[in-house]
Amino acid sequence: MRRVSLYNLSWFLCFLCLLTAAACQKRPPPRAPSPSPSRSGDIARNDRRAGSLPTVTLTASPSSVERGEQTTLSWTTTDTMSLLIDSGIGNVADSGSLVISPRESTTYTATATGPGGQATATTRVTVVPRSARGIITSTDLDGLQQAIEEGKIQPLFFEYDQAGINAEGERVLKENARWFQQFPNATIVIEGHCDERGTEEYNLALGDRRAQAVKVHLVQLGIDPGRMETISFGEERPFAPGYDEAAYRLNRRAHFIVIR
Amino acid sequence: MRGENRGRVINEDKKKKDTCMTGKILILCFICLPSLLKAQTPDVVIYPRPREDTKLAVADFVARTSDTSEVQAALEIFDRVLWDDLEFSAFFEMPSKSFYPLKPLRSPTDVKFDNWQVPTLDVDFLIFGNLQVDSGLAVVEAYLYDVRTREQVLGKRYNISDKALIQRVAHEFADQVVFQLSAGTSRGVARAQIAYSSLKGQGKEIYVMDYDGANQRTITANGGLNKFPEWSSDNSKLAFITHLPRSSRWELWIQSLDGGRRVLPLPSSYVASPAFSPDGTQLAFSTREVNGTDAGIYISNLDGSRLKNLSNHSAIDSSPTWSPTGRQIGFISDRSGSPQLWLMDSDGSNVQRLVREGGHCDSPNWSPDGRFITYSWQPRGQWNHQIYVIEVATGRIFQLTSGRGSSENPHWSPDGRHIAFQSNRTGAKQIFVMNADGKNLRQITAYGSNESPAWAGYPVTETQE
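Computed from a prediction, not measured in an experiment: that's the story for all the values here.

Draft legend 1. Main features of the overall build of chain B. Looking only at helices and strands, chain B features 3 helices and 31 strands. Put simply, chain B has 465 residues, and 48% of those count as buried. Within chain B, contacts between residues separated by at least 24 positions form 47% of all contacts whose residues are at least 6 apart in sequence.

Next comes the structure, spelled out in structure tokens:
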């Protein structure tokens, strides 16, 4: 919720800057044709014919996007004193456009209020999940999968009974984060593992603690927590089969798989 | 030694239990000064003592009418299972059969009591009987006689529709004998099932077996990892955790033995160690908030509603075990640095540390009479766990296993006289049972890899005489 309003606020601020810039110049003509074109701003208000109903148009282009893609919302009005667009956008100039990237399908309603009354216009932006089209997704999935297979994404290792990330671990995570950012649409699973010493119950909790520690660190490096899952396998899935420190060291690890 | 100077509040469970136990025979009495750091078998004494109180003879059962090979095979199974059950119960001294009179005992009229009171035998009680198999149907007649008074204590006739049920009849009669001759101290554990987790390919499935390792059968077959089974108090359900293939989360399952199952909603991908409350209305388990970093003890209703974090501490809190009254929960926490055994009231209050030995503790399990908690412990600097018992009221600690391998996941029998656990002392993890004093050790699984035994409570449908 907070993220959405901040997001919209920042757009709104950008828009204000644009508006300020626009005020110093000659405004371009409105984008969309309007039955009775009018100039924006105070002049337009001075020109208005008292008593006539406001008109408003609102379009989204394109009207269907994949999640994360952008669309442009454009509007024009006549006989309008104030214009409000809902769904978190707020008060806007009486004609203009805005680049948006809604997380889910959203219906936007512009309400124009003038001396003659109110008018509304509605448009809908349909947001398709990425996997539904699959082209971009599979590119990221494949890209990251390939990076894992080529050993570019490294596991990191822990001390006995510890979940702390050492200097080498930090270096590995920094490098891994670079790859994760390169393929921003892939979802990653962080697996936490333990060596076979200790008991199954405690090791399952310890592996979970390791995986969560890695996730927290990656969030700090700018990776979206929404694309990271964690799972502990405790001592169930050892890398190395031996019963000595050389094997145990390899088994106390967090490693990464990509699932979608 | 180390436990004795420790001041300790006697907990509510203990008080209540003592009241209940007044006038009854105490099952166990621990008298020793253990040394934890030396692998020394403690001097734990079980009452009534196996070698001094009751001498029992179990004569071979005989064919009632026709002595076919089918009858001989059934007799062999019946005699072996009955003997093993009674010997395992640890209530009796059982002289070798080589001292027995040679005359077969088919019915009470065959018994010459004087022959069972010669100095080499001198038994207090005598079991005998006969068996008959007719076209699959079997009839077993079993008797228990008091040799001193020459009176019948038990006389039972079992009709069974399938001779595969011979073992079950032997278990049932053994439990009846234990109940009679222990003055009600125990109802016998021979029919109480053991649930466990068994390695199958890449996965682990939940299995159930008889306490002697026979009659193994699967409860799950999902190809995933199924771990930490625990019985509901009415033995109708098992709770355990499941990781399905290709999933990225652990799930908490409650599966009825008749097949229905429920998956509880949980806040995160981690869950472990479910335990039913004694009244059967709640589960305690270990899970984590979605953005939390460490496991905590939670309770919820069986449908997952009213989820509540009991431990509320930024440390690993896991492996809950309910006291038999449901008023307290024992659990493992590493809030002091390493995983140790702690107690709290079942509303999360009154948290206190029970084990202070350092090293690693895990898998606590509260005894049915409330006096003891068994757990596994690994001393600092060593890599293997052994099985221990702590007396809750006094903090006295007793070591039950020693030697090779790591012994883990102990679980009490319903009569509190035995403990099942897993050990890799013979290679792969296998399940063992032993007396609560560490003696009479038996390995009950031999193939594959088997872990996390959970002994069911007494059968609820039984009728005692």
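Draft legend 2. Fine view of the sheet that holds strand β30 (residues 442–443) of chain B. All names here are of chain B. Pairing in this open sheet of 4 strands is antiparallel, and the strands run β27-β28-β29-β30 from one edge to the other. Among the strands making up the open sheet, the edge pair consists of β27 (407–412) and β30. Summarising the sheet, β27 and strand β28 (residues 418–423) pair through 4 bridges and their orientation is antiparallel. Of the residues in β28, the one forming a bridge with H411 is A420.

Draft legend 3. Spatial organisation of the sheet that holds strand β1 (residues 55–61) of chain A. All names here are of chain A. With antiparallel pairing, 3 strands are arranged side by side in an open sheet as β1-β3-β6. Each having just a single partner strand, β1 and β6 (96–100) make up the two edges of the open sheet. Each neighbouring strand pair of the sheet contributes to a mean axis angle of 15 degrees, computed without reference to strand direction. With 5 bridges joining them, strand β3 (residues 71–78) and β6 adopt antiparallel strand pairing. Each bridged residue has a counterpart across the sheet, and for S74 the counterpart in β6 is S97.

Draft legend 4. Geometry of the domain arrangement of chain B. Residues and elements named next belong to chain B. By domain assignment, chain B separates into domain 1 (56–181) and domain 2 (194–455). Centre-to-centre separation of domain 1 and domain 2, based on C-alpha positions: 37 Å. Counting residues at the interface gives 4 residues for domain 1 and 5 residues for domain 2. Grouping the amino acids of the side of domain 1 that touches domain 2 by side-chain chemistry returns 2 nonpolar, 1 polar and 1 charged.

Draft legend 5. Fine view of the interface of chain A and chain B. If you look at the interface, chain A gives 21 residues, while chain B gives 26 residues. Top contributing element to the side of chain A that touches chain B by residue count: helix α6 (residues 200–220) of chain A, with 11 residues. The residue makeup of the side of chain A that touches chain B, split by class, is 9 nonpolar, 5 polar and 7 charged.

Draft legend 6. Structural view of the pairing of strand β29 (residues 430–435) of chain B. All names here are of chain B. In terms of burial, β29 is largely enclosed, as 6 of its 6 residues are buried. Bridging between β29 and β30 involves 2 bridges; their strand directions are antiparallel. Looking across to β30, one finds that V433 is bridged to R442. In this antiparallel pair of consecutive strands, β29 and β30, the connection spans 6 residues, and G438 shows a positive phi of 90 degrees.

Draft legend 7. Molecular detail of the packing of helix α2 (residues 69–88) of chain B against helix α3 (residues 166–181) of chain B. Residue and element names in this part refer to chain B. The geometry of α2 relative to α3 is characterised by a closest axis approach of 9 Å and an angle of 35 degrees between their N-to-C directions. Of the two possible hands of crossing, α2 and α3 adopt the one that is right-handed. Every residue of α3 that contacts α2 at A74, I77, F78, V81, L82, D85 and L86 is listed here: I166, Q167, A170, H171, F173, A174 and V177. Its residues assigned to classes, the contact of α2 with α3 shows 11 nonpolar, 2 polar and 1 charged.

Thresholds, definitions, all that
Residues numbered from 1 in each chain as written. Chains lettered and ligands numbered in written order. Predicted model: local features only at pLDDT ≥ 70, side-chain atom pairs only at ≥ 80, totals over all residues. Helix = DSSP H or I, 4+ residues; strand = E, 2+ residues; numbered from the N terminus. Buried ≥ 20, exposed ≤ 12 C-beta atoms within 10 Å, placed from the backbone. Contact = placed C-beta atoms within 7 Å. Pairing = 2+ DSSP bridges. Axes fitted to C-alpha atoms, helices over the stretch in contact; angles between N-to-C directions. Domains from an automatic or database assignment. Nonpolar A, V, L, I, M, F, W, Y, C, P; charged D, E, K, R; others polar. Left-handed = near helix turned anticlockwise from the far one by under 90°.

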